[in-house]
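Below, each chain spelled out in residue letters.
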Amino acid sequence: MFIDISNLKKSYASGMVTTDVLKGIGMNIQKGEIGVILGPSGSGKSTLMNILGGIDRGDSGRVIVDGIEVNKLSDDKLTDYRREHIGFVFQFYNLVPNLTVGENIEVVSNISKSPLNVDEVLAAVGMKDKKHRFPRELSGGEQQRVSIARAIVKNPKLLLCDEPTGALDFDTSRSILQLLQEVNKKIRNNHFDDYPQCCHCRYGEQGIQGAKRRNRRRNGESDNCSSRKDCMVMVIHKRIKRVLLENKAQYIGAMVLIFFGCFALTMMTQFADNFERLASEFENQYVQEDASFITDKSIGDLRELESASNVVLEESKTFDYALSEGKTLRIFSQNDKVDIPAILEGKELSESGGILINPAFAAANDFKIGDEMKISDRSFTIAGFMALPNYIYPLQSDTDMMLQPNFGIAVISKKDFSALGKENYSYAVKFNGDDQNLLSQSTQFKEHLKSHGIEIMQWTNIEDNKRVSFVTAEIKILGLVSKGVPTAILLLASIMVGNIVWRLINRDATTIGALYALGYKRKEIYRHYMMYPLLIALIGGIIGTIVGTFPVRSMLLFMFSNFNIPLTEIDFDPIIMIISLLLPILFLGSSGYFVIRKELKHSPLELMKGKKRKKTRSIFWSACSSLTSSNSLQSSKSGNNLEVYPGLLSCSSVLPYRQCCCFGVLLSKLPWTTFLKTAWRARIVSSTSISSTLCAMSSCRRVPSLSPPRCLCRRLTIKLIFTSPG
């Protein structure tokens, strides 16, 4: 026995209403036979076929197909069953809209172990000349032919046809039936043909009648694809480009969002990291001081003090010179051990009469290399532009917050400095050893100076030097902002793109259901629909990451116009670029995965029917249906003292709704605001004229609970609630 069904029951619950569809169905069909299911609409024909096809489950009973007990299969095994055994002609075609006729058929032939030749099947249903048309370009009858060809090409063991000729004319219907018979003879499969439009049910509520049976042989043909998996990838993924092009504005906008997120992440992170690296290299290479101090007298033997204290000392002379009114230049003697000047442009001081100035002051006052300036009646030639490690942010005073364009720093040789006759006793110290011991080293060094009779007039640690600490704080802020803000932008963009993908998948629910019903496995559907967010993430991420590297140099140049740091070379961290690529993939991939996962929690049948309605709405509608179908006028309580009187009238012939339910509501015990909350998602109509008209059209009934008995529509203020299940 190929098909053995016994005591099969199936019912559907909608809120408070349960509808029995199959009530103990039993039948047997031999292998190679054709069965016809007859019955009026609603008798359970499609339900029985859906259970046989593995896209629905019975509540109880036994369903055995070719030795497989279908009702006991897990979801994964049920998918394998549909994939390997079942060919289905759906009542509403369920063609993939973004694939051509030929591709719609290849999508199924790709997952079959022994498919028929696609061109031969198309020729058999008269659609070979329209192989490259899309479903939207076909008539309903032509789409039905394609649906039949799609089911036949799979070469299934069991072919289920749900109204295969329902949308066809008489001649085409006859040719299709002849085709099914010929295929039946050729491949020895089973067919279920459903003709409710012309046949009558002989088994009453069961709605099943065994009919015409014929033997046939199996003689499958394979198509020209060398690899089923490779063909599947080629065919089903063809729709990706078409979907993106059909909604190009939406998806281009999504890619732009990802682009900006990756662009900002790459640009800001690479900029911040390079800024920090260049500042650190500058401080180390040019020996930034750990502290500076001023003494009351000159230190005689620096080398002896250095050796005794394990430090590096540099006598640093400085004085302020007014170039003109409002323009001040702070001049330093050239150091060679601590706070060594870094040449940014030009050449080093090689002979007397040369001077180095900071580039910001030069730009603000239009000084160029080679220009001359007078300092204390001596002429100096600008040899180049420089930066000092202890004056990275060249503030004139410790109380300043912003750079002053009329203040600059300069370096001249120690010989020239001595010739100017300016003397002071300022020193820069660099401790040897671990920086973590800086505080203890400072304390020990101060005590050592005191033991040598040297009094410290002023001591400044490097972390207290605003000209350096301001830069350190800026680096920390940039480090946080460069990672946090772009990541937040990217996350927000991914959420927005995820919403777009959710809409796509939600819109494709029927397509997903059809693919699922045709035998596609969950992982194959996951793989296909994950391509959309991943493709958006890859395109936007790659372009954004690459483009994000270009502005880094410009941003560093702009930043170094305020901070005196040499710009040597830019290093692009590959880890940051990889993270910039992986983050959108991670965010979008996760959102896409959970959306698809949520869709695939539904059965193929639910997906093809548009999934389940919201629970509250289903309960509300079922309650409406139940109450309006009642012929009694007994009061039905609906919570919070709300009294509903069902069965007053039928308004479907009066109002432009497909269906509606009407209640007469007694409001004497219920506030109007509470009633509005109770009637959530419903249209409230309250009109005396409408009430009177509807009341006149309906039979006047008396309500036993009201005393004295009166016509309900004359006794009560009627509120009408209209709901539509669509």
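Everything below is about the structure printed above this text.
Just so we're clear, the structure is a prediction, and the values are computed from it rather than from any experiment.

The rules behind each value
- Residues numbered from 1 in each chain as written.
- Predicted model: local features only at pLDDT ≥ 70, side-chain atom pairs only at ≥ 80, totals over all residues.
- Heavy atoms only, no water.
- Helix = DSSP H or I, 4+ residues; strand = E, 2+ residues; numbered from the N terminus.
- Buried < 20%, exposed > 50% of the residue type's maximum accessible area, 1.4 Å probe, protein only.
- Contact = heavy atoms within 4.5 Å.
- Areas by Shrake-Rupley, 256 points an atom, 1.4 Å probe, with all protein chains shown as cover.
- Core = buried A, V, L, I, M, F, W, Y, C linked by side-chain atoms within 4.5 Å.
- Pairing = 2+ DSSP bridges.
- Axes fitted to C-alpha atoms, helices over the stretch in contact; angles between N-to-C directions.
- Patch = residues over 30% accessible without salt bridge, like charges linked within 9 Å, V, L, I, M, F, W, Y side chains within 5 Å.
- Salt bridge = Lys/Arg side-chain N within 4 Å of Asp/Glu carboxyl O.
- 1 Å grid on protein atoms, 1.4 Å probe; cavity = no way out; pocket = protein on both sides within 12 Å on 5 of 7 lines; lining within 4 Å.
- Points joined across faces, edges and corners; volume = space filled by probe spheres on them.
- Nonpolar A, V, L, I, M, F, W, Y, C, P; charged D, E, K, R; others polar.
- Polar contact = N/O pair within 3.5 Å; in protein donor to acceptor, adjacent residues only side chain to side chain.

Participant: Could you give an account of the overall build of the chain, with specific residues and numbers?
Facilitator: Within the chain, the secondary structure is distributed over 23 helices and 24 strands. In the chain, which comprises 726 residues, the share counted as buried stands at 49%. The contacts of the chain with a sequence gap of at least 6 include a subset with a gap of at least 24, amounting to 77%. For the chain, the exposed area adds up to about 34900 Å²; of that, 53% sits on carbon and sulfur atoms.

Participant: Go over the nonpolar core with me, naming the residues and quoting the values.
Facilitator: Within the largest apolar cluster, 55 residues are counted, with the highest numbers of intra-cluster contacts made by Ile5, Leu52 and Val65. Sort the elements by how many residues they give to this core and helix α5 (residues 140-153) lands first, with six residues. Not counting residues within four places of it along the chain, the set of residues in contact with isoleucine 5 comprises Ile25, Gly26, Met27, Asn28, Leu48, Leu52, Arg62 and Val63. In this structure, Val107, Ala254, Leu265 and Tyr529 belong to the second largest nonpolar core, which totals 40 residues.

Participant: Let's hear about the sheet that holds strand β2 (residues 17-29): which residues, and what values?
Facilitator: Within the open sheet, the four strands sit side by side as β2-β1-β4-β5. Their pairing is antiparallel. Bordering the open sheet on either side are β2 and β5 (68-69), each of which pairs with just one other strand. As paired strands, strand β1 (residues 3-14) and strand β4 (residues 60-65) are joined by five bridges and run antiparallel to one another. Looking at the pairing, isoleucine 3 lines up with valine 65 of β4. Docked against the sheet, helix α1 (residues 45-52) engages β1, β2 and β4, running at close to 115° with respect to β1.

Participant: Give a description of a nonpolar patch on the surface that names residues and reports values.
Facilitator: Judged by side-chain polarity, Leu538, Ile539, Ile542, Ile543, Ile546, Val547 and Phe550 come together as a nonpolar surface patch covering roughly 580 Å² of accessible area. Relative to the helices and strands, valine 547 resides in helix α16 (residues 522-548).

Participant: Provide a residue-level description of empty space enclosed by the protein, including the pertinent values.
Facilitator: By the definition in use, this model includes five cavities of 30 Å³ or more. Taken as a whole, the second largest cavity encloses approximately 60 Å³ of empty space. Lining the second largest cavity are Ser316, Phe332, Ser333, Gln334, Asn335, Asp339, Pro341, Leu388, Asn390 and Val411. Per-class residue counts for the lining of the second largest cavity are four nonpolar, five polar and one charged.

Participant: Requested: an account of the side chain of lysine 130, with residues and values cited.
Facilitator: Along the chain, lysine 130 falls in the loop between α4 (118-124) and α5. A residue is classified by how much of its surface remains accessible, and lysine 130, at 18% relative accessible area, is buried. Discounting chain neighbours no more than four positions away, the residues touching lysine 130 are Val101, Leu138 and Glu142.

Participant: Tell me about the environment of aspartate 339, and please be specific about residues and values.
Facilitator: Within the secondary structure, aspartate 339 is located in the loop between β12 (327-333) and β13 (342-346). According to the relative accessible area criterion, aspartate 339 is buried, its value standing at 4%. As for aspartate 339 and glutamate 283, which are separated by 56 residues in sequence, their C-alpha atoms are 8.5 Å apart. Excluding residues within four positions of it along the chain, aspartate 339 makes contact with Tyr286, Val287, Gln288, Glu289, Leu388, Pro389, Asn390 and Ala428. Here the side chain of aspartate 339 touches glutamate 289 through a polar contact of 3.1 Å, landing on its backbone nitrogen. Looking at aspartate 339, its side chain comes within polar contact range of the side chain of asparagine 390, at 3.4 Å.

Participant: Can you tell me about the sheet that holds strand β18 (residues 426-431), naming the residues and giving the values?
Facilitator: Judged by pairing direction, the sheet is antiparallel, and its four strands sit side by side in the order β10-β18-β9-β19 without closing on themselves. Every interior strand has two partners, whereas the edge strands, β10 (311-315) and β19 (456-461), have only one. Each strand of the sheet is rotated relative to its neighbour by a mean of 20°, with strand direction disregarded. With four bridges joining them, strand β9 (residues 291-295) and β18 adopt antiparallel strand pairing. Paired with serine 292 across the bridge in β18 is alanine 428. Here helix α10 (residues 302-309) sits on the sheet in contact with β10 and β18, set at roughly 155° to β10. Along the sheet, helix α13 (residues 438-451) makes contact with β9, β10, β18 and β19, crossing β19 at roughly 165°.

Participant: Run through the pattern of salt bridges, naming residues and quoting values.
Facilitator: According to the stated counting rule, one finds 26 salt bridges in the structure shown. The residue lysine 430 makes a salt bridge to aspartate 290 at a minimum N-O spacing of 3.4 Å. Of this pair, lysine 430 sits in strand β18 while aspartate 290 sits in the loop between α9 (248-285) and β9; the two residues are 140 residues apart in sequence, bridging distant segments of the chain. Where arginine 467 meets aspartate 398, a salt bridge forms, and the shortest distance between an N and an O atom there is 2.9 Å. One end of the pair, arginine 467, is in helix α14 (residues 466-507); the other, aspartate 398, is in the loop between β16 (378-387) and β17 (407-412), with 69 residues separating them in the sequence. Overall, aspartate 398 belongs to the partly exposed group, its relative accessible area being 43%. Within the structure, one salt-bridge network assembled from shared partners comprises Lys10, Asp56 and Asp59.

Participant: So what about the side chain of threonine 328? Which residues, and what values?
Facilitator: By the element assignment, threonine 328 lies in strand β12. A residue is classified by how much of its surface remains accessible, and threonine 328, at 18% relative accessible area, is buried. Here threonine 328 is in contact with Asp320, Tyr321, Ala322, Phe361, Gln396, Asn406, Phe407 and Gly408, once residues within four sequence places are set aside.

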